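Results of the structural survey
One letter stands for each residue in the lines below.
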Amino acid sequence: MTYQEIQDKIVSTFWSEGLKKHIRETGFVFPPEDLLAVIYQHIHDFEERMEYLQLMADHVPEAAEHARQ
């Protein structure tokens with residue numbers, strides 16, 4: 001899975017359609033550490049949060065160690 005696919009999956013959970021549209025239209029890419037923060041702060045379901053953190057650990061080397069912690 002690519003970084004963009006992971007980000008798209010996480011952004012799809014946002015409640016704001018306007019924010020999702022803006023991210024898509026501008027091509028904004030969250031830095032890996034910021035995306036980890038989004039996962040931790042935005043995904044409230046524990047199992048879902050662990051799923052996204054595992055995706056980061058498996059597919060984003062620069063954030064893998066932090067995601068595992």
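All of these numbers come straight from a predicted model, not from anything done at the bench.

**Brief notes about helix 4 (residues 46-59)**
Taking 1.5 Å per residue as the helical rise, helix 4 with its 14 residues ought to reach 20 Å, and the 20 Å between its terminal C-alpha atoms agrees with that figure. Looking only at helix 4, the buried set comprises R49, Y52, L53, L55, M56 and A57. Elements that come into contact with the buried residues of helix 4 comprise helix 1 (3-11), helix 3 (32-42) and helix 5 (61-68).

**Observations concerning the packing of helix 1 against helix 4**
As a packed pair, helix 1 and helix 4 sit with axes 11 Å apart at the nearest point and diverge in direction by 170°. Here helix 1 lies roughly antiparallel to helix 4, going by the angle between them. Residues Y3, I6, K9 and I10 of helix 1 pack against E51, Y52, L55, M56 and H59 of helix 4. Grouping the constituent residues of the contact of helix 1 with helix 4 by class yields 6 nonpolar, 1 polar and 2 charged.

**Describing the packing of helix 3 against helix 5**
Relative to each other, helix 3 and helix 5 sit at 35°, their axes nearing to 9 Å. When you trace helix 3 past helix 5, the crossing you get is right-handed. Counting all contacts with helix 3, which are made through P32, E33 and L36, the residues of helix 5 involved are E62, A63, H66 and A67.

**Some remarks on the layout of surface pockets**
Of the volumes computed, that of the largest pocket is approximately 220 Å³. What lines the largest pocket is L36, A37, Y40, M50, L53, Q54, A57, H66, A67, R68 and Q69. Elements supplying a minimum of two residues to the lining of the largest pocket: helix 3, helix 4 and helix 5. Examining the composition of the lining of the largest pocket, we find that 4 residues originate from one element, helix 4, more than from any other.

**Brief notes about the nonpolar core**
Side chains of nonpolar character tend, in soluble globular proteins, to be buried together. Counting 20 residues, the largest nonpolar core has I6, I10, F14, F30, L35, I39 and M56 as its most contacted members. For this core, the secondary-structure elements that each account for two or more residues are helix 1, helix 3, helix 4 and helix 5. Looking at which element gives the most residues to this core, the answer is helix 4, with 5 residues. In contact with I10, other than residues within four places in its own chain, are L35, V38, I39 and Y52.

**What about the side chain of S16?**
Within the element layout of this structure, S16 appears in the loop between helix 1 and helix 2 (17-26). Engagement of the side chain of S16 in a polar contact is seen with the backbone nitrogen of L19, the distance being 3.0 Å.

Cut-offs and rules
- Residues numbered from 1 in each chain as written.
- Predicted model: local features only at pLDDT ≥ 70, side-chain atom pairs only at ≥ 80, totals over all residues.
- Heavy atoms only, no water.
- Helix = DSSP H or I, 4+ residues; strand = E, 2+ residues; numbered from the N terminus.
- Expected span 1.5 Å × (residues − 1).
- Buried < 20%, exposed > 50% of the residue type's maximum accessible area, 1.4 Å probe, protein only.
- Contact = heavy atoms within 4.5 Å.
- Axes fitted to C-alpha atoms, helices over the stretch in contact; angles between N-to-C directions.
- Parallel < 35°, antiparallel > 145°, perpendicular 65-115°, else oblique.
- Nonpolar A, V, L, I, M, F, W, Y, C, P; charged D, E, K, R; others polar.
- Left-handed = near helix turned anticlockwise from the far one by under 90°.
- 1 Å grid on protein atoms, 1.4 Å probe; cavity = no way out; pocket = protein on both sides within 12 Å on 5 of 7 lines; lining within 4 Å.
- Points joined across faces, edges and corners; volume = space filled by probe spheres on them.
- Core = buried A, V, L, I, M, F, W, Y, C linked by side-chain atoms within 4.5 Å.
- Polar contact = N/O pair within 3.5 Å; in protein donor to acceptor, adjacent residues only side chain to side chain.

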